[in-house]
Amino acid sequence: MINVLKAFLPAVILTFVLARILSTQMILANVQAMGLDVSLRVRMATTLQDILGMTSSYLLLIALAFILALPVAGWLAKRLPARSALLFASAGFVAIVALHIALQSALGIHAIAVTRTLPGLLGQCLAGATGGWCYYLLRQRFSPAQG
């Protein structure tokens, strides 16, 4: 169980941080496209503020999505061990897609603004895929026999 947590927590945190960076930078790019100046200092401060501000909500939602998705990938990986890395990355991707579909269905709005566009949603999903891949790598490191 400890080995699972050693892999799970960094994967969730990585997904969250990447997702927030991508989201913030996409929004700031839109602001800049409107003709407003967005300095590197503003980009960095805004990103940090966004990460800190979304920790109590989005981080927990990502953790919940991964709690549901990663065991499915683990079950499949036992049957298809040669595809384990792809399965865990795919699980992370699908977890984020499912999360945003569920949020939109439950709230009637896109809880994360950038997910209103396909590039924004794909950016969030790529963060999820990266987190799933991270989970796979860390699980290999901490318990190689379990995949």
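An account of the accompanying structure is given in this report. A quick note: this is a predicted structure, and the numbers were derived from the prediction, not measured.

Residues Tyr58, Ile62 and Phe66 are the most contacted members of the largest nonpolar core, which totals 33 residues. Counting residues per element, the ones that place at least two in this core are helix 1 (2–33), helix 2 (40–79), helix 3 (84–107) and helix 4 (118–142). At twelve residues, the largest contribution of residues to this core is made by helix 2. Leaving out residues up to four positions away in the same chain, Phe66 has contacts with Phe8, Ala11, Val12, Thr15, Pro71, Gly92, Ala95, Ile96, Gly128, Gly131 and Gly132.

Another aspect to go through is helix 3. The end-to-end C-alpha distance of helix 3, which contains 24 residues, comes to 34 Å, matching closely the 34 Å that a straight helix rising 1.5 Å per residue would cover. Considered for burial, the residues of helix 3 that qualify are Ser84, Leu87, Phe88, Ala89, Ala91, Gly92, Ala95, Ile96, Leu99, His100 and Leu103. Each element contacted by the buried residues of helix 3 is listed here: helix 1, helix 2 and helix 4. Just past helix 3, the residue Gly108 takes up positive phi, approximately 75 degrees.

Among the surface-exposed residues, Met1, Ile2, Leu5, Leu9 and Ile13 lie close enough to one another that they form a single nonpolar patch of about 530 Å² accessible area. Summarising the element assignment, Ile2 is placed in helix 1.

The next subject is the side chain of Gln124. Within the secondary structure, Gln124 is located in helix 4. Judged by its relative accessible area of 1%, Gln124 is buried.

About the thresholds
- Residues numbered from 1 in each chain as written.
- Predicted model: local features only at pLDDT ≥ 70, side-chain atom pairs only at ≥ 80, totals over all residues.
- Heavy atoms only, no water.
- Core = buried A, V, L, I, M, F, W, Y, C linked by side-chain atoms within 4.5 Å.
- Buried < 20%, exposed > 50% of the residue type's maximum accessible area, 1.4 Å probe, protein only.
- Helix = DSSP H or I, 4+ residues; strand = E, 2+ residues; numbered from the N terminus.
- Contact = heavy atoms within 4.5 Å.
- Expected span 1.5 Å × (residues − 1).
- Patch = residues over 30% accessible without salt bridge, like charges linked within 9 Å, V, L, I, M, F, W, Y side chains within 5 Å.
- Areas by Shrake-Rupley, 256 points an atom, 1.4 Å probe, with all protein chains shown as cover.
- Salt bridge = Lys/Arg side-chain N within 4 Å of Asp/Glu carboxyl O.

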